[in-house]
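Coordinates in review
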Amino acid sequence: MTARLPAADRRDAAPGAETAVSSLVLVVDDSRVNRLLLHAILESDGFRVIEASDGAQGLAAWRDHQPDLVLMDINMPVLDGYEATRRIKAEADTRFVPIIFVTAATDEDSLAECVRAGGDDFISHPVSAVILLARARALLRTRELYNALDAERRELAYYREMMEREQAVAKTLFESVA
């Protein structure tokens, strides 16, 4: 889902800008003010942004749009951020879906639950644009590496299967000659 900048544009782009240019971020928060703030920060840095106002809407938006990154609040109506994250991670199966919890919670138990639910990072309010963008870019780079590794794994599995077929054919030929 991530497109690359033309080579000429990449030379002049800021570090991490290539990752942001076409990355789609889902912001899930019941606070309109928080959504607007996160949307503005991300969009000003070249990210495309979609929003959801509760965990159930966030889960539906994730299914419909398959975003590259999710920013998730914890306490929301209908479905809280912990459960929405668990469901996204379960449905993603082997795909890496980076999720950053953006929350007012600062107690260790809540933050530990973010990780147990499947979150990859967390940021507490008030949100620093610099920290948010740095963490988003870092997780998107990790996602790109994961995707590249997964593609290579699938390619190796294909070649292994082809080799096993060729060996079976060769075995059959040698047995028929003998």
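What counts and what doesn't
Residues numbered from 1 in each chain as written. Predicted model: local features only at pLDDT ≥ 70, side-chain atom pairs only at ≥ 80, totals over all residues. Heavy atoms only, no water. Helix = DSSP H or I, 4+ residues; strand = E, 2+ residues; numbered from the N terminus. Contact = heavy atoms within 4.5 Å. Areas by Shrake-Rupley, 256 points an atom, 1.4 Å probe, with all protein chains shown as cover. Axes fitted to C-alpha atoms, helices over the stretch in contact; angles between N-to-C directions. Parallel < 35°, antiparallel > 145°, perpendicular 65-115°, else oblique. Left-handed = near helix turned anticlockwise from the far one by under 90°. Nonpolar A, V, L, I, M, F, W, Y, C, P; charged D, E, K, R; others polar. Pairing = 2+ DSSP bridges. Right-handed = clockwise from strand over helix to strand, strands pointing away. Buried < 20%, exposed > 50% of the residue type's maximum accessible area, 1.4 Å probe, protein only. Arc of directions from axis to C-beta.

The next subject is the overall build of the protein. The helix and strand tally for the protein stands at 7 helices and 5 strands. Along its sequence from the N terminus, the protein presents helices and strands in the succession α-α-β-α-β-α-β-α-β-α-β-α. Of the contacts made within the protein by residues no fewer than 6 positions apart, 62% connect residues no fewer than 24 positions apart. Just so you have it, the protein exposes about 10,200 Å², and 55% of that area is on carbon and sulfur atoms.

As a packed pair, helix H4 (residues 55–65) and helix H5 (residues 81–92) sit with axes 9 Å apart at the nearest point and diverge in direction by 20°. Here H4 is positioned roughly parallel relative to H5, judged by the angle of their axes. The interaxial crossing formed by H4 with H5 has right-handed handedness. Along its contact with H4, which presents Gly55, Leu59, Trp62 and Arg63, the element H5 presents Ala84, Arg87, Ile88, Glu91 and Ala92. When its residues are assigned to classes, the contact of H4 with H5 shows 5 nonpolar, 1 polar and 3 charged.

To continue, consider the pairing of strand E5 (residues 121–124). Sheet faces and side chains relate simply in a regular strand, where the side chains alternate between the two faces. Of the strand pairs in this sheet, strand E4 (residues 99–103) and E5 are connected by 4 bridges, and their pairing is parallel. Bridging across to E5, isoleucine 100 finds its partner in aspartate 121. Between E4 and its parallel partner E5, the chain crosses via helix H6 (residues 108–116), and the hand of that crossover is right-handed.

Here 5 bridges tie strand E1 (residues 24–28) to strand E2 (residues 48–52), and the two strands are oriented parallel to one another. Bridging from a neighbouring strand, valine 25 pairs with valine 49 of E2. The parallel pair E1 and E2 is bridged by helix H3 (residues 32–44), and the resulting crossover is right-handed.

Right, let's talk about H6 for a bit. Looking only at H6, the buried set comprises Ser110, Leu111, Glu113 and Cys114. The buried residues of H6 occupy one face: seen down the axis, they fall within an arc of 155°. More than 90 degrees from the buried face of H6, the exposed residues found are Glu108, Asp109, Val115 and Arg116. Glycine 118 sits one or two residues past H6 and shows a positive phi near 115°.

Let's shift gears to unusual backbone geometry. Trans is the common state for peptide bonds, and a negative phi is the common state for residues other than glycine. The residue after histidine 125, namely proline 126, is reached through a cis peptide bond having omega 0°. Topologically, proline 126 is positioned in the loop between E5 and helix H7 (129–177). Unusually for a residue other than glycine, glutamine 66 sits at a positive phi of about 50°. The residue glutamine 66 is located in the loop between H4 and strand E3 (69–72) in this model. Phi at aspartate 93 is positive, roughly 60°, even though this residue is not glycine. Checked against the element boundaries, aspartate 93 lands in the loop between H5 and E4. On the basis of relative accessibility, which here comes to 62%, the residue aspartate 93 falls in the exposed class.

With that settled, the discussion passes to the sheet that holds E1. The strand order across the open sheet formed by 5 strands is E2-E1-E3-E4-E5, and the pairing between neighbours is parallel. In this open sheet, the two edge strands, each paired with only one partner strand, are E2 and E5. For this sheet, the mean inter-axis angle between neighbouring strands, taken without regard to orientation, is 20°. Docked against the sheet, H4 engages E1, E2 and E3, running at close to 165° with respect to E1.

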